[in-house]
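Chain residues, written in single-letter form:
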Amino acid sequence: MPSSSPETTVEDLAAFVSAAPTPYHAVAEAVRRLSEAGFTEQPESGEWDHTPGGRYLVRDGTVLAWYTPPNASPTKAFRIFAAHTDSPTLKIKPNPDTGTAGWRQAGVEVYGGALWNSWLDRDLGLAGRLARLDGTVVPVRIDRPLLRVPQLAIHLDRQVNQGLKLDPQRHLVPIWGLGPTADGDLLQYVADRAGLEADEIVAHDLVVHELTPPARLGADGELLASPRLDNLSSVHAGLTALLAAAESQPETVPVFVGFDHEEVGSSSATGAAGPLLEMVLTRLAGGAEERYRSFAASRCLSADVAHAAHPNYLDRHDTDHLAHMNAGPVLKTNANQRYATDAPGAAAWHRACAEAGVPSQVFVSHNNVPCGSTVGPITATRLGIRTVDIGIPVLSMHSARELCGAQDPAYLVAAATAFFVDPV
Ligand SMILES: [Zn+2]
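Residues numbered from 1 in each chain as written. Predicted model: local features only at pLDDT ≥ 70, side-chain atom pairs only at ≥ 80, totals over all residues. Heavy atoms only, no water.

## Re the sheet that holds strand β13 (residues 253-259)
Strand order in this open sheet of 9 strands is β1-β2-β3-β13-β4-β14-β18-β16-β17, and the pairing throughout is mixed. On the outer flanks of this sheet lie β1 (40-41) and β17 (361-363), each paired with one strand and no other. Examined bridge by bridge, strand β3 (residues 62-68) and β13 share 4 bridges and lie antiparallel to one another. Residue pairing in the sheet places V63 in a bridge with G258 of β13. Of the strands in this sheet, β4 (78-84), β13, β14 (299-303) and β18 (386-391) are in contact with helix α8 (residues 375-383), which crosses β18 at around 170 degrees. (Pairing = 2+ DSSP bridges. Helix = DSSP H or I, 4+ residues; strand = E, 2+ residues; numbered from the N terminus. Contact = heavy atoms within 4.5 Å. Axes fitted to C-alpha atoms, helices over the stretch in contact; angles between N-to-C directions.)

## Section: the coordination of the zinc ion
Of the protein atoms, only H84 (NE2), D230 (OD), D304 (OD) and D304 (OD) coordinate the zinc ion, at distances of 2.0 to 2.5 Å. Of note is the zinc ion, whose 4 donor atoms meet at the metal with angles of 54 to 142 degrees in an arrangement that counts as irregular. The sequence pattern describing where the donors of the zinc ion fall on their chain is H-x145-D-x73-D. Of the two residues, D230 sits in helix α4 (residues 229-247) while D304 sits in the loop between β14 and β15 (306-307), which places them 74 residues apart along the sequence. (Donors = N, O, S within 2.8 Å, 3.2 Å for Na, K, Ca; no water. Tetrahedral: all angles 85-135°; square planar, octahedral: opposite > 155°, others 65-115°.)

## Overview of the pattern of salt bridges
Enumeration over the complete set of coordinates arrives at 22 salt bridges. Close ionic contact of D167 with R170 constitutes a salt bridge, the shortest N to O distance being 3.2 Å. Between D342 and R386 there is a salt bridge, with its nearest N and O atoms 2.7 Å apart. Highlighted residues: D342 in the loop between β16 (330-332) and α7 (343-356) and R386 in strand β18, separated in sequence by 44 residues. Since its relative accessible area comes to 29%, D342 is described here as partly exposed. Among the charged side chains, a network of salt bridges with common partners joins D12, E29, R32, R33 and E36. (Salt bridge = Lys/Arg side-chain N within 4 Å of Asp/Glu carboxyl O. Buried < 20%, exposed > 50% of the residue type's maximum accessible area, 1.4 Å probe, protein only.)

## Let's talk about the sheet that holds strand β20 (residues 402-405)
Taken in spatial order, the 5 strands line up as β11-β12-β20-β19-β15 in an open sheet, and their pairing is mixed. Looking along the sheet, the strands with just one partner apiece sit at the ends: β11 (215-217) and β15. Each of β12 (223-226) and β20 touches α4; the most contacted strand, β20, lies at about 40 degrees to it.

## Looking at the packing of aromatic side chains
In this description, a pair of aromatic rings is defined by centroid distance and the angle of the planes. Per the counting criterion, the structure on display carries 5 aromatic pairs. For the ring pair F81 and F420, a centre distance of 6.2 Å and an interplane angle of 45 degrees mean the geometry is tilted. One end of the pair, F81, is in strand β4; the other, F420, is in helix α9 (residues 408-421), with 339 residues separating them in the sequence. Using a relative accessible area of 0% as the deciding quantity, one classes F81 as buried. Ring centres of W176 and Y189 lie 5.7 Å apart, and the angle between their planes is 65 degrees; on these two criteria the pair is classed as edge-to-face. (Phe/Tyr/Trp six-rings, centres within 6.5 Å; stacked < 30°, edge-to-face > 60°.)

## Concerning the side chain of S233
Among the structural elements, S233 can be located in helix α4. We classify S233 as buried; its relative accessible area is 4%. Side-chain polar atoms of S233 contact the backbone oxygen of L229, separated by 2.7 Å. Not counting residues within four places of it along the chain, the set of residues in contact with S233 comprises L13, R228, V305, I392 and L412. (Polar contact = N/O pair within 3.5 Å; in protein donor to acceptor, adjacent residues only side chain to side chain.)

## Thoughts on the pairing of strand β7 (residues 124-132)
Along β7, 7 of the 9 residues are buried, which leaves the element largely enclosed by surrounding structure. Of the strand pairs in this sheet, β7 and strand β10 (residues 201-210) are connected by 9 bridges, and their pairing is antiparallel. In the strand pairing of β10, A131 is matched with A203. Between β7 and strand β8 (residues 137-147), which follow one another and run antiparallel, lie 4 residues, and G135 among them has a positive phi close to 90 degrees.

## Re the packing of helix α5 (residues 276-285) against helix α6 (residues 288-296)
The N-to-C vectors of α5 and α6 enclose an angle of 115 degrees; their axes lie 8 Å apart at closest approach. As judged from the angle between their axes, α5 and α6 are roughly perpendicular. Crossing angle aside, the handedness with which α5 passes α6 is right-handed. Each of E278, L281, T282 and A285 in α5 lies in contact with α6, whose residues at this interface are E290, R291 and F295. Residue classes in the contact of α5 with α6 are distributed as 3 nonpolar, 1 polar and 3 charged. (Parallel < 35°, antiparallel > 145°, perpendicular 65-115°, else oblique. Left-handed = near helix turned anticlockwise from the far one by under 90°. Nonpolar A, V, L, I, M, F, W, Y, C, P; charged D, E, K, R; others polar.)

## Looking at the domain arrangement of the chain
Domain annotation of the chain identifies domain 1 (6-87 + 227-421) and domain 2 (90-210). Computed from C-alpha coordinates alone, the two centres of domain 1 and domain 2 are separated by 31 Å. Tallying the contact residues gives 21 residues for domain 1 and 17 residues for domain 2. Approximately 1400 Å² of surface area, both sides summed, lies buried where domain 1 meets domain 2, with 57% of it carried by carbon and sulfur atoms. Along the contact surface separating domain 1 from domain 2 lie 2 salt bridges. Linking D60 and R129 is a salt bridge whose minimum nitrogen-to-oxygen distance equals 2.7 Å. If you look at where domain 1 meets domain 2, you find 10 residue pairs in polar contact (both at pLDDT 80 or more). Tallied by class, the residues present in the side of domain 1 that touches domain 2 amount to 8 nonpolar, 7 polar and 6 charged. (Domains from an automatic or database assignment. Buried area = accessible area lost by both parts, 1.4 Å probe.)

So this is what it looks like as structure tokens:
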């Protein structure tokens, strides 16, 4: 089991979130940590390395990592931990330069189910990747207050507190300075920061990010306020647990995957509905017959944040299944398979928690408030591997700044480590 304290874990989570304003940066930080622990890259287009040890495979905003113990059987059991690297945000349009009334503005699309109001009046940075004509990609990250979506003064909309109405095409366009639109040229500005010429950039994937660093909150600092807890809290826990599991000489093959594009439905080449996880597991299994036997013995933990009981909106929750902060990760169930959990899968989760000495809670949504979904049902449908949906409770899910308990990240790491090495 990991020896790190809840304090160390939550600080390390905050560092991970700060290192990862976009899925590409989350993947780079994951690779940095994996390499430091001795994991080596398995190129997707290269010959498969079947020797024991830790490997990782990267495609764009998605990363997979696994540890094959020495003498692993051809019909080895996979213990998979699946999370997602992306978060709701505003994405810069291909031709971003716009503006009026003396303002330089940047055209954006909304990425995922963002709480739009939470992006108002925040000082925002810009990060992502730039592509050259030859297909090479350059990461970029601007961590100074550059953009802002300014709110309308209450004097100009006296009814605003009765219900804020935002049109994403008109009202979410960030300003990024003053001057004639023709001189705007956001991409020139970004190219300068990336050490490129503007005409080298033929395309880009750029999103805004919240600049206020993660911070402890509450009378005793018992909470963590941070951007992108959905779902970097799970990515961080899965990675940390994988490294701990690899050290403990498991009988199983622990596999971590952080998918991109969950917030927009997972249907993409690098999303959970795409082929990457199946491709890695199939190549790890070594043959068709072995693959089927391995899959039958395997299990997947689908980790994504859960809804903590909101004190001001308790009527939105099922009061017999409230999730509380710092009371352990939440087992998520849904009769209609919006979560993939079933009773035998739940038993595997409870076994991992018992082994790790971690408390756990059960969530089911209010019958009149349909819940969201996760990568769990998607990977379960693709692979037929028994899957359990879990995650730490948060408030303000999909806000630019979310809130979790400071103890829960360490609980999740400990339970995930026990799940990874569970031979049953
Ligand atoms: Zn999520």
